Amino acid sequence: MATISPHSCFQLNSIRSSSHYPSRLFISPLISHPGSNTRPSVTRRVGPLRTNNGKTRASLAGLDGNTSDVLGPIGIFRATGEKVQFNDLWDQNEGMAVVALLRHFGCPCCWELASVLKDSIPTLDSAGVKLIAVGVGTPDKARILANRLPFPMDCLYADPSREAYHALDLYYGLSRTFFNPASAKVFSRWDSLREAVKNYTISATPEDSSSVLQQGGMFVFKGMQLLYARKDEGTGDHAPLDEVLNICCRPSVA
């Protein structure tokens, strides 16, 4: 059984690089935060979109709500090692999918998130929603989490180059990872975290240690339409699962 202290989620090993990758696309203005005056541009109406502050936005900024413009052509790896593209993972017409971008496979907080997601699979399955959990690292690191947590390997994917994270402009950096006030939320889930890391091993951490500075996010799609988007503000600042389930598992999604 692994033993962790309240601060082990934020332990810093050697960081080879702390440079922030620039945004490639226009997701960043989509996510508004309390106290922010940033307002996304609206191209066309694609239905309600929930963001970090719980408010509804009308559209994706600059992307027309089309997932193929953001994630579709990006290649990731199944935990078993095969390369796939995002747009092959769910029905691009009417299929519902929860895309959970974890931090890295060696993050204890992400083991806790993976455990919560695993518990939600029966609910998602009954609503016809596919779970796609993506982590930073190589497929062999993904298999460590899958085998030791455990977590279903057919729902787990690896993004070693962080292409999806870059495309969605998810947060990255030292201050976000170790010093963001939002990370304090993890202490309210301490029992859940401790249970999830019973078989934890740091060997699931990516070889590229700069990857530990990557934050994650949560997205819900219906076909090519993005219904929900939330970027983690800091380590352990995960999307509320009941909020996600309310979006994707309610009887009718517009």
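Residues numbered from 1 in each chain as written. Predicted model: local features only at pLDDT ≥ 70, side-chain atom pairs only at ≥ 80, totals over all residues. Heavy atoms only, no water.

Peer 1: Help me understand the pattern of salt bridges, please; the structure alone is not making it clear to me.
Peer 2: Working definition: two side chains of opposite charge can pair if their charged atoms are close together. Under the definition given, this model contains nine salt bridges. Linking Arg-194 and Asp-191 is a salt bridge whose minimum nitrogen-to-oxygen distance equals 3.2 Å. Residue Arg-194 and its partner Asp-191 are both found in helix α6 (residues 190-196); the two are separated by three residues, about one turn of the helix. Using a relative accessible area of 44% as the deciding quantity, one classes Arg-194 as partly exposed. Judged by its relative accessible area of 55%, Asp-191 falls in the exposed class. Its salt-bridge partner being Lys-198, residue Glu-195 comes within 3.0 Å of it at the nearest N-O pair. For Lys-198, a relative accessible area of 35% corresponds to the partly exposed category. (Salt bridge = Lys/Arg side-chain N within 4 Å of Asp/Glu carboxyl O. Helix = DSSP H or I, 4+ residues; strand = E, 2+ residues; numbered from the N terminus. Buried < 20%, exposed > 50% of the residue type's maximum accessible area, 1.4 Å probe, protein only.)

Peer 1: Any chance you could explain helix α2 (residues 108-126) here in plain terms?
Peer 2: An α-helix turns once every 3.6 residues. As a result, residues three or four positions apart point the same way. Its 19 residues give α2 an end-to-end C-alpha distance of 29 Å, which sits within 8% of 27 Å, the value for a rise of 1.5 Å per residue. Of all bends in α2, the biggest is about 40 degrees, found at Ser-120, and the proline Pro-122 comes one to four residues later. Those residues of α2 that sit buried are Pro-108, Cys-109, Cys-110, Trp-111, Glu-112, Leu-113, Ala-114, Ser-115, Leu-117, Ser-120, Ile-121 and Leu-124. Elements in contact with the buried residues of α2: β5 (96-104), β6 (129-136), α3 (139-148), α6, β8 (217-222) and α7 (241-248). Positive phi appears at Gly-128, one or two residues downstream of α2, with a value of about 75 degrees. (Expected span 1.5 Å × (residues − 1). Bend = angle between axes of the 7 residues up to and from the residue. Contact = heavy atoms within 4.5 Å.)

Peer 1: In this structure, what is going on with α7? I would like to understand it.
Peer 2: Of all the positions in α7, only Val-244, Leu-245, Ile-247 and Cys-248 are classed as buried. Projection of α7 onto a plane perpendicular to its axis shows the buried side chains occupying an angular sector of 160 degrees, all on one side. (Arc of directions from axis to C-beta.)

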